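Chain by chain, the residues run as shown.
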Amino acid sequence: MGTAGKVIKCKAAVLWGINQAFSIEDIEVAPPKAKEVRVKILATGICRTDDHVIKGAIVSKFPVIVGHEAVGVVESVGEGVTTVKPGDKVIPLFLPQCRECSACCNPEGNLCIRSDLTGRGVLADGTTRFTCKGKPVQHFMNTSTFTEYTVLDESSVAKIDGAAAPEKACLIGCGFSTGYGAAVKTAKVTPGSTCVVFGLGGVGLSVIMGCKAAGASRIIGIDINKDKFQKALAVGATECISPKDSTKPISEVLSDMTGNTVQYTFEVIGRLETMVDALSSCHMNYGTSVVVGAPPSAKMLTYDPMLLFTGRTWKGCIFGGWKSRDDVPKLVTELLEEKFDLDQLITHTLPFKNINEGFELLCSGQSGI
């Protein structure tokens with residue numbers, strides 16, 4: 001492309017501080033350095049994790065370009081890049097895969113040492129590729145997709161099948177993969193089991209899809225917003241309940257409903273209270289509870305250790321347990337083979353300039369995430 005090696009001027013949604021609206025700004029995007037890739041973003045999703053940055057629940061430096069769920073096309077590559085080339089369709093990876101660190105080399109690991117989950121805000125060399133009004137702008141989780149062009153480390157890019165529709169495949173960059181993998185890969189849901197999903201946004205719906213694919217016979221969705229029940233039932237939930245409909249603790253309600261047979265629970269909200277509720281709700285001896293929702297920064301959890309002593313398993317789950325560069329292309333292939341339907345997770349499609357409207361829909365509970 002004629003822009004290779006040059007600074008690109010484009011539009012981006014810049015977040016200048018906590019609790020501020022996105023500002024559509026003209027920014028400059030520097031060319032990729034060694035082992036880096038510059039990508040033109042074709043479609044990006046809105047995720048609750050991005051909203052956590054706005055609200056201050058996730059630590060970040062400002063100004064910053066957030067967004068981490070997208071599909072793009074490679075515009076140019078830096079020296080030494082071998083896994084992608086200009087013109088390749090790719091998914092940016094908030095969870096890199098360097099294939100060298102201990103987590104990448106362990107068959108059960110996926111939390112690459114190059115991950116930026118603490119708000120470092122720069123690429124591997126310690127600098128940013130974005131400037132706006134003469135000021136450096138921070139990266140977010142190695143991705144920064146709320147911009148027309150972004151720069152990523154090669155370890156944060158997965159080449160995918162060019163036939164994939166960007167507005168669908170972008171969900172594989174975070175929401176769908178996180179939920180689906182929590183069921184099939186992290187929990188390893190077994191056929192005939194009973195599962196309970198706390199939180200019926202897009203990730204929660206993806207957990208339900210994973211439970212169904214794994215052969216669960218009963219899948220109970222839980223949310224205080226009953227408007228979400230219809231979609232949950234459509235993707236595979238067998239029933240849905242609201243905790244507000246009973247004065248009993250939700251764990252007792254579920255035990256009564258199922259004859260105390262809940263084998264798997266999933267917390268897909270990111271609230272400390274519901275994490276403990278989910279743990280309490282799985283069988284006291286053979287139950288497994290998975291924390292899927294990103295917890296708020298700098299918060300501590302208090303729980304009764306007897307909940308674990310009796311035999312329960314409590315597991316964390318990041319990006320569904322997938323090894324990003326290895327597994328994302330396979331998930332896109334399965335999408336093209338119609339092994340799952342992501343149309344059911346898309347509630348709105350908006351032009352980039354309307355990004356603030358998208359977050360209003362998210363916060364009002366009208367969107368699927």
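Residues numbered from 1 in each chain as written. Predicted model: local features only at pLDDT ≥ 70, side-chain atom pairs only at ≥ 80, totals over all residues. Heavy atoms only, no water.

As recorded in an unreviewed UniProt entry, the protein goes by All-trans-retinol dehydrogenase [NAD(+)] ADH7 isoform X2 and comes from Mesocricetus auratus. Under the Sequence similarities (unreviewed entry) heading, UniProt states for the protein: "Belongs to the zinc-containing alcohol dehydrogenase family." The Cofactor (unreviewed entry) field of the UniProt record for the protein holds the comment "Zn(2+)". (UniProt positions renumbered as here; feature names shortened; annotations may be inferred.)

Peer 1: Break down the overall build of the protein for me, with residues and values.
Peer 2: Counting secondary structure elements, the protein contains 11 helices and 15 strands. Rg of the C-alpha trace for the protein: 20 Å, near the compact-globule value of 21 Å for 369 residues, within the 12% margin. Principal axes of the C-alpha set define a box for the protein whose edges measure 65 × 40 × 35 Å. A total of 369 residues make up the protein; the buried ones form 54% of that total. Sequence-distant contacts in the protein: of pairs separated by 6 or more residues, those separated by 24 or more amount to 71%. (Helix = DSSP H or I, 4+ residues; strand = E, 2+ residues; numbered from the N terminus. Rg over C-alpha atoms; globule rule 2.2 N^0.38 Å. Buried < 20%, exposed > 50% of the residue type's maximum accessible area, 1.4 Å probe, protein only. Contact = heavy atoms within 4.5 Å.)

Peer 1: Summarise the pattern of salt bridges; cite the residues concerned and give the values.
Peer 2: Scanning all chains against the criterion turns up 17 salt bridges. The residue lysine 168 makes a salt bridge to aspartate 343 at a minimum N-O spacing of 3.2 Å. Of this pair, lysine 168 sits in helix α3 (residues 166-169) while aspartate 343 sits in the loop between α10 (324-336) and α11 (355-363), and the two are 175 residues apart along the sequence. With relative accessibility at 40%, the residue aspartate 343 sits in the partly exposed group. Of the charged contacts, one joins glutamate 239 and arginine 218 as a salt bridge, the two residues approaching to 2.8 Å between their closest N and O atoms. With glutamate 239 in strand β12 (residues 239-241) and arginine 218 in strand β11 (residues 218-222), this pair connects stretches of sequence that are 21 residues apart. In this structure, a network of salt bridges that share partners links the residues Lys33, Glu36, Asp125 and Arg129. (Salt bridge = Lys/Arg side-chain N within 4 Å of Asp/Glu carboxyl O.)

Peer 1: Break down the sheet that holds strand β8 (residues 149-153) for me, with residues and values.
Peer 2: Strand order across the open sheet formed by five strands is β8-β3-β4-β5-β9, with antiparallel pairing between neighbours. A strand with exactly one partner marks an edge of an open sheet, and here the two such strands are β8 and β9 (157-159). Between one strand axis and the next, the sheet turns through 45 degrees on average, direction left out of account. Pairing geometry for strand β3 (residues 36-44) and β8, over five bridges, is antiparallel. Paired with valine 39 across the bridge in β8 is threonine 150. (Pairing = 2+ DSSP bridges. Axes fitted to C-alpha atoms, helices over the stretch in contact; angles between N-to-C directions.)

Peer 1: I'd like a description of unusual backbone geometry, backed by residues and values.
Peer 2: Look at the link from phenylalanine 62 to proline 63: it is a cis peptide, with omega at -10 degrees. Relative to the helices and strands, proline 63 is located in the loop between α1 (48-55) and β4 (70-77). Located in the positive-phi region is lysine 35, a residue other than glycine, with phi close to 65 degrees. Within the secondary structure layout, lysine 35 lies in the loop between β2 (23-29) and β3. The exposure class of lysine 35 is partly exposed, given its relative accessible area of 46%.

Peer 1: For the side chain of glutamate 154, give the residues involved together with the corresponding values.
Peer 2: Relative to the elements of secondary structure, glutamate 154 occurs in the loop between β8 and β9. No salt bridge is formed by the buried glutamate 154; the nearest opposite charge belongs to lysine 35, separated by 4.0 Å. (Lys, Arg positive; Asp, Glu negative; His and termini not counted.)

Peer 1: Give a description of the sheet that holds β11 that names residues and reports values.
Peer 2: Taken together, the six strands give an open sheet; going across it, the order is β12-β11-β10-β13-β14-β15, and neighbouring strands pair in parallel fashion. Each end of this open sheet is capped by a strand with a single partner; those strands are β12 and β15 (313-316). Adjacent strand axes in the sheet meet at a mean angle of 20 degrees when their direction is disregarded. Here β11 runs beside β12; their pairing, made up of three bridges, is parallel. By the bridge assignment, glycine 221 is partnered in β12 with cysteine 240. Against the sheet, helix α4 (residues 175-187) touches β13 (262-267), β14 (288-291) and β15, its axis set at about 135 degrees to β13. Against the sheet, helix α5 (residues 202-213) touches β10 (194-198), β11 and β13, its axis set at about 170 degrees to β10.

Peer 1: Report on the nonpolar core, specifying residues and quantitative values.
Peer 2: Within the largest apolar cluster, 79 residues are counted, with the highest numbers of intra-cluster contacts made by Val189 and Phe266. Tallying contributions element by element places α5 first for this core, with six residues. Once you skip the residues sitting within four places of it in the chain, phenylalanine 266 turns out to touch Ala182, Ala183, Ala187, Val189, Cys195, Val196, Val197, Phe198, Val207, Cys211, Val290 and Val292. One finds Val196, Ile220, Ile250 and Val253 within the second-largest nonpolar core, a separate group that totals 11 residues. (Core = buried A, V, L, I, M, F, W, Y, C linked by side-chain atoms within 4.5 Å.)

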